[in-house]
Amino acid sequence: VATSGATLPDIAESLVERLRTHLRNGTTDQCPEVMHLPRKNFTDASIAEAERRKIFGRVPFIAAHSSELPEPNSFVTRPLPRNEAVLVRGDDGRVRTFVNMCRHRGALLEPRDEGTCRVFSCIYHGWSYNLDGSLRNITYSSSFGDVDTSSLGLVELPTEEHAGFVWVVDDPQGSIDVTAWLGPDFDEILSSYELDGFVCYRLGVFDEPANWKVLHDAFLDGYHIKFAHPLSAGKHIHTNVYAVDDYGSHARFASPRKSLDRWLDDEPGDEPLSWHMTLSHFVGPNCTLLRHRDHFQLLSFFPSRTDPLTSRMEMRLLVPSLGASGLHEDAWRAKWDKNWDILMQVLRDEDFPVLRNLQRATTSESGGPLILGRNEVLNQAFHREIARLLTDA
Ligand code: FES
Ligand SMILES: [Fe+2]
């Protein structure tokens, strides 16, 4: 794995320089204006429906890391914003996504979270499907009656594997072009990480009683660090200081670690200064990818299909494979299990309680609109992008 080494690509050095300037001057990147957000963006069923259709039904989002489908016949099932889905790698190596519903009477075709299989067989009346989605067999077909089996294959969702991820557009009528969606500059950044060489060590799924944007906002937010995380992240990372590179539908942003403070005036020694910052990426419309020294963390947020007040967050730890790590398996597992436990503790004890209660509060009829300050650059970019996608015809 070329990127399992310790240094960040040079391209991020410009962000460190901007952070040093901000720390010297007591400043941060800012938007031109304060932004107001109606509370109903987080509670309204018709807005939620429009988001599912116009955002998740139109633009590519990450549904899995490639390593979750390691070989031909591997499958995973995922509840996507518009469809129950099963993703499967065919004998040809290609990943396809199907609506996980039997074309006979609608049974959940593959009830397991993951596994391998040669055919999908429905548990209800035994219809079976090939991994390319085609209907293979109708049981007792001579008594079933005439149906056009060629039109009864599984419904397929546009799918593309790119930069180590499986991307899906959650509408069978949609089309997919991941490179075009990312744009050349942001695609170059993502691709430079060679994430297809990493493995998804662990996937955590959190069904939370909060709108997907409430949850995602918290991970684009460098303003809450020392208040909500005084004894964890707040001890190591500066609050309210960031440098943002905006790529339209995507962005890259950095915050200084407190360890950068001693390098404000002196030129660095052997260590790259980029070690003294956190580097995150907003991968529109619903993911945040955090770049750590030797691994990545992917956070994805999915609206519920039925309830604007609930959503699903997925957290993936993407790490160098055992073979590339140079570690014994026990040490490799111990390292990433410990990393996971620390992340979980912060989520469970610090972020989720605040966000659940925030959602509860925002259902207040008389609470008034919400405000995003000029300093909340990423949150403004996120909500501006959501609004843009919703207003597109
Ligand atoms: S619902 Fe699947 S075979 Fe009847
Ligand atoms: Fe947080």
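Only a predicted model underlies this, so the values are computations on that prediction, with no experimental measurement involved.

**Describing the pattern of salt bridges**
Within the structure shown, the criterion is met by 22 salt bridges. As a salt-bridge pair, Glu49 and Arg53 come within 3.2 Å of each other at their nearest N and O atoms. Placement of the pair is Glu49 and Arg53 together in helix α2 (residues 45-56), with a separation of four residues, close to one helical turn. The salt bridge involving Glu156 is made with Arg94; its shortest N-O contact spans 3.7 Å. With Glu156 in strand β10 (residues 156-157) and Arg94 in the loop between β4 (84-89) and β5 (95-99), the pair connects residues that are 62 residues apart, well separated along the chain. For Glu156, a relative accessible area of 32% gives the class partly exposed. Salt bridges sharing partners connect three or more residues here, namely Glu68, Arg78, Arg312, Glu314 and Arg316.

**Comments concerning the coordination of the iron ion (ligand 2)**
Coordination of the iron ion (ligand 2) by the protein involves His224 (NE2), His229 (NE2) and Asp351 (OD), with metal-donor separations of 2.0 to 2.1 Å. As a motif over one chain, the donors of the iron ion (ligand 2) read H-x4-H-x121-D. Within this pair, whereas His224 is found in the loop between α6 (212-218) and α7 (225-228), its partner Asp351 is found in helix α10 (residues 329-362), the two being separated by 127 residues in sequence. Asp351 matches His224 in its accessibility class, with the two residues each being buried.

**What about empty space enclosed by the protein?**
Throughout the structure, instances matching the rule amount to one cavity of 30 Å³ or more. Put simply, the largest cavity is a space of about 30 Å³. Every residue along the wall of the largest cavity is listed here: Ala63, Arg78, Pro79, Leu80, Phe302, Arg312 and Glu314. Elements represented by at least two residues in the lining of the largest cavity include exactly β3 (74-79) and β19 (311-320).

Calculation criteria
- Residues numbered from 1 in each chain as written.
- Chains lettered and ligands numbered in written order.
- Predicted model: local features only at pLDDT ≥ 70, side-chain atom pairs only at ≥ 80, totals over all residues.
- Heavy atoms only, no water.
- Salt bridge = Lys/Arg side-chain N within 4 Å of Asp/Glu carboxyl O.
- Helix = DSSP H or I, 4+ residues; strand = E, 2+ residues; numbered from the N terminus.
- Buried < 20%, exposed > 50% of the residue type's maximum accessible area, 1.4 Å probe, protein only.
- Donors = N, O, S within 2.8 Å, 3.2 Å for Na, K, Ca; no water.
- 1 Å grid on protein atoms, 1.4 Å probe; cavity = no way out; pocket = protein on both sides within 12 Å on 5 of 7 lines; lining within 4 Å.
- Points joined across faces, edges and corners; volume = space filled by probe spheres on them.

It is worth stressing that arrangement in space is one thing and function is another; only the former is reported here.
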